[in-house]
Amino acid sequence: MVGIFVLKNYLHTVNDPEILIVGGGLAGLTAALDLATKGKQVCVVEKNEYPNHKVCGEYVSNEVKPYLEDLGMEFSNLSLPEIDTLQLSTQTGKSSEIRLPLGGFGISRYMFDNHLYKLAIKKGVTFVFDTVTNIHYFNDGFSVTLSSKKNIKSPIVLGTFGKRSNLDMTLKRKFIQQKSPWLGIKCHYKNTGHPSNVVGLHNFPGGYSGLSQIERQSINFCCLVRYESFKKEKDIDSYFKNVVSQNPFLKDFLINAVPEFDKPLTIAQISFEPKKNIENHVMMCGDTAGLIHPLCGNGMAMAIHSGKLAVEQVVNFLENPNFTRKDMEKEYQLSWKKNFRQRLWMGRQLQTLMMHTKWFNFGMATVASSKPLLGSIIRKTHGAPIVN
Ligand SMILES: Cc1cc2nc3c(=O)[nH]c(=O)nc-3n(C[C@H](O)[C@H](O)[C@H](O)COP(=O)(O)OP(=O)(O)OC[C@H]3O[C@@H](n4cnc5c(N)ncnc54)[C@H](O)[C@@H]3O)c2cc1C
């Protein structure tokens with residue numbers, strides 16, 4: 001029986017786990033829950049305690065809903081808005097609504113990650129709140145060093161440390177050497193009458209934003225902007241007023257919006273460059289393996305799905321003596337490529353289109369008037385529902 005441990009920089013009662021997960025965001029938490037449900041001994045090292053806010057659009061594609069239900073999430077108790085419509089608007093405020101074939105739901109990361117954390121604790125997952133500073137592979141296993149200078153040993157490490165981490169530097173990952181022009185800004189607002197079933201995707205010069213309801217009828221407003229467009233303004237308020245509000249739709253929203261945060265959250269240097277999904281035998285999942293452009297609205301679903309793919313191979317490795325580490329890594333890479341490579345590519349193309357006003361206006365009109373075309377784009381950026 002695996003014990004329940006929640007430790008802060010305190011390790012000597014943690015037995016070396018069968019699987020160590022570095023980063024307790026969505027990929028890490030769901031993989032931990034899945035592995036614990038399958039009877040494995042799992043430890044998650046996460047640098048921040050729960051709950052906490054994260055820069056994210058907070059629209060979750062329904063493709064992961066059945067899997068989350070399998071992992072113990074009871075949606076009927078959570079009263080989350082169900083979203084079935086996408087509203088697009090151009091920089092000039094031309095807007096169009098499209099019904100989403102699969103749809104999704106709205107939930108803050110504050111609530112989502114914390115809910116999964118509590119489920120994982122119930123399943124016996126061990127949590128250590130500390131920052132991983134290095135991951136060494138030797139003698140067919142790992143030694144993971146924490147900022148408290150403690151080490152944890154484990155035969156398997158999943159890298160689920162998100163889009164940008166100190167570990168990308170330590171592991172000398174290629175994408176981290178290049179500067180990225182993207183900045184994320186997010187804030188929750190009191191409900192201004194934004195319909196609960198609509199996720200908005202609104203364009204403005206140098207960026208775009210997502211607008212949708214989350215729990216308690218709050219509205220999440222999250223922007224992805226190019227740094228060069230942002231730095232011309234002195235702060236977020238003037239950026240919202242002078243740049244974002246050039247889209248009349250967003251102007252209306254921002255005039256009436258009452259923020260729930262003291263100030264918006266920001267993250268810089270968001271990279272959409274291709275990444276390796278295995279580095280030094282660490283199996284990378286979620287954003288650590290590759291981040292899809294947020295306009296596709298399924299980064300979270302992909303993070304959760306990639307964690308599931310890793311879990312399948314890890315279980316095979318632990319339970320089948322003939323299935324080697326090499327087999328595990330190869331199978332994971334193949335399944336990752338099969339599920340996500342085309343989606344990431346398509347996301348990059350859509351992002352390029354959206355950043356060009358003329359093309360976007362033309363593209364949006366074409367897409368909005370053609371259901372087969374829209375269906376094809378959604379198929380190319382989303383997956384089918386996944387179950388355990
Ligand atoms: C602006 C923006 C809007 C978005 N909107 C949406 C959306 O509406 N819908 C959607 O589906 N997706 C969206 N995404 C994508 C989505 O946020 C990510 O794909 C998702 O969060 C990935 O989950 P993850 O588990 O890979 O990483 P994360 O959730 O980032 O988790 C990584 C965890 O690792 C921890 N960590 C990092 N380094 C260390 C370390 N050294 N030691 C210990 N812990 C560490 C971090 O604290 C963090 O908790 C958006 C992304 C951006 C940038």
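So, how was this worked out
Residues numbered from 1 in each chain as written. Predicted model: local features only at pLDDT ≥ 70, side-chain atom pairs only at ≥ 80, totals over all residues. Heavy atoms only, no water. Near = heavy atom within 4 Å. Polar contact = N/O pair within 3.5 Å; in protein donor to acceptor, adjacent residues only side chain to side chain. Areas by Shrake-Rupley, 256 points an atom, 1.4 Å probe, with all protein chains shown as cover. Helix = DSSP H or I, 4+ residues; strand = E, 2+ residues; numbered from the N terminus. Nonpolar A, V, L, I, M, F, W, Y, C, P; charged D, E, K, R; others polar. Domains from an automatic or database assignment. Pairing = 2+ DSSP bridges. Axes fitted to C-alpha atoms, helices over the stretch in contact; angles between N-to-C directions. Contact = heavy atoms within 4.5 Å. Phe/Tyr/Trp six-rings, centres within 6.5 Å; stacked < 30°, edge-to-face > 60°. Buried < 20%, exposed > 50% of the residue type's maximum accessible area, 1.4 Å probe, protein only. Lys NZ or Arg CZ within 6 Å of the ring centre and 35° of its normal. Expected span 1.5 Å × (residues − 1). Disulfide = S-S within 2.5 Å.

Participant: Honestly, the site of the ligand in this entry has me stumped. Any pointers?
Facilitator: Of all residues adjacent to the ligand, which total 35 residues, the nearest are Glu-46, Gly-57, Tyr-59, Arg-109 and Asp-287. Within the side chain of Lys-54, one N or O atom sits 2.8 Å away from an oxygen atom of the ligand. In this structure, a nitrogen atom belonging to the ligand sits 2.7 Å away from a main-chain N or O atom of Gly-57. Out of a free accessible area of 1000 Å², the ligand has 96% covered by protein chains. Elements represented by at least two residues in the shell around the ligand include exactly helix 1 (26–37), strand 3 (42–46), helix 4 (166–170) and helix 8 (299–319). No other element matches the three residues that helix 8 contributes to the shell around the ligand. A class-by-class count of the residues in the shell around the ligand yields 14 nonpolar, 13 polar and eight charged. Mapped onto the domain boundaries, the shell around the ligand takes at least three residues apiece from domain 1 (6–52 + 110–174 + 275–359) and domain 2 (59–108 + 179–270).

Participant: How do you make sense of the sheet that holds strand 12 (residues 182–189) when you look at a structure like this?
Facilitator: Picture the strands of a sheet paired through backbone hydrogen bonds; they go either parallel or antiparallel. With mixed pairing, eight strands are arranged side by side in an open sheet as 4-6-5-13-14-15-12-16. Both edges of this open sheet fall to strand 4 (59–61) and strand 16 (265–270), since each of them pairs with a single strand only. Ignoring which end each strand starts from, the neighbouring axes of this sheet average 25 degrees apart. When strand 5 (residues 82–89) meets strand 6 (residues 95–106), the two strands line up antiparallel, connected through seven bridges. In the strand pairing of strand 6, Thr-85 is matched with Arg-99. Sitting on the sheet, helix 7 (residues 248–256) is in contact with strand 5, strand 12, strand 13 (198–204), strand 14 (207–213) and strand 15 (219–226), with an inclination near 130 degrees to strand 15.

Participant: For this particular structure, what's the right way to read the sheet that holds strand 8 (residues 132–138)?
Facilitator: Pairing in this open sheet of three strands is antiparallel, and the strands run 8-9-10 from one edge to the other. The open sheet is flanked by strand 8 and strand 10 (151–154), the only strands paired with a single partner. Taken pair by pair, the neighbouring strands of this sheet meet at an average axis angle of 20 degrees, ignoring direction. Both strand 8 and strand 9 (residues 141–146) contribute to a ladder of six bridges, which runs antiparallel. Bridging from a neighbouring strand, Phe-138 pairs with Gly-141 of strand 9.

Participant: Explain the packing of aromatic side chains here, please?
Facilitator: Pairs of aromatic rings are described using the distance from one ring centre to the other and the angle between the two planes. For the coordinates displayed, the defined rule picks out 17 aromatic pairs. Seen in terms of ring centroids, Tyr-50 and Tyr-117 are 4.4 Å apart; in terms of plane orientation they differ by 25 degrees. Their pairing is stacked. With Tyr-50 in the loop between strand 3 and strand 4 and Tyr-117 in helix 3 (residues 109–122), this residue pair connects regions lying 67 residues apart in the sequence. Note on accessibility: Tyr-50 and Tyr-117 belong to one class, buried. Seen in terms of ring centroids, Tyr-117 and Phe-129 are 5.9 Å apart; in terms of plane orientation they differ by 70 degrees. Their pairing is edge-to-face. Of this pair, Tyr-117 sits in helix 3 while Phe-129 sits in strand 7 (residues 126–129), and the two are twelve residues apart along the sequence. Look at Phe-129 and you get buried, because its relative accessible area is 3%. Joined through ring pairs, the aromatic side chains of Tyr-50, Tyr-117, Phe-127 and Phe-129 make up one cluster. Stacked on the ring of Phe-75, the Lys or Arg Lys-65 has its end atom at 5.0 Å from the ring centre. The positively charged end of Arg-226 is found above the aromatic ring belonging to Trp-182, 5.0 Å away from the centroid.

Participant: Can you walk me through helix 1 in this structure?
Facilitator: An α-helical turn contains 3.6 residues, so any two residues separated by three or four positions project in the same direction. Under the 1.5 Å per step criterion, the end-to-end length of helix 1 is 16 Å for twelve residues, consistent within 8% with the ideal 16 Å. Of all twelve residues in helix 1, eleven are buried, a share of seventy percent or more. Residues of helix 1 that are buried include every one of Leu-26, Ala-27, Gly-28, Leu-29, Thr-30, Ala-31, Ala-32, Leu-33, Asp-34, Leu-35 and Ala-36, and no others.

Participant: How do you make sense of the side chain of Lys-186 when you look at a structure like this?
Facilitator: Summarising the element assignment, Lys-186 is placed in strand 12. Residue Lys-186 is classed as buried on the basis of its relative accessible area of 1%. Within the structure, Lys-186 has its side chain in polar contact with the side chain of His-188 (distance 3.5 Å). Leaving out residues up to four positions away in the same chain, Lys-186 has contacts with Lys-54, Val-55, Cys-56, Glu-58, Asn-220, Phe-221, Cys-222, Phe-261, Pro-264 and Leu-265.

Participant: Can you help me understand unusual backbone geometry in this one?
Facilitator: Note: most residues except glycine have negative phi, and most peptide bonds are trans. Residue Tyr-50 is joined to Pro-51 through a cis peptide bond whose omega torsion reads -10 degrees. Note on placement: Pro-51 falls in the loop between strand 3 and strand 4. Phi angles above zero are rare outside glycine, and Glu-58 is one such case at about 65 degrees. Along the polypeptide, Glu-58 turns up in the loop between strand 3 and strand 4. Its relative accessible area of 1% is what places Glu-58 among the buried residues. The residue Asp-140 is not glycine, and still its phi comes out positive at about 60 degrees. Along the chain, the position of Asp-140 falls in the loop between strand 8 and strand 9.

Participant: Please explain the state of the cysteines as it appears in this structure.
Facilitator: As used in these notes, a disulfide is a covalent bond between sulfur atoms, one from each of two cysteines. Counted according to the given criterion, the structure contains zero disulfides. Of all cysteine sulfurs in the structure, the one in Cys-222 sits closest to Cys-56, which takes part in no disulfide; the separation is 6.5 Å. Overall, the relative accessible area of 13% leaves Cys-56 in the buried class. Lacking any disulfide linkage, Cys-223 is separated from the closest cysteine sulfur, that of Cys-222, by 6.7 Å.

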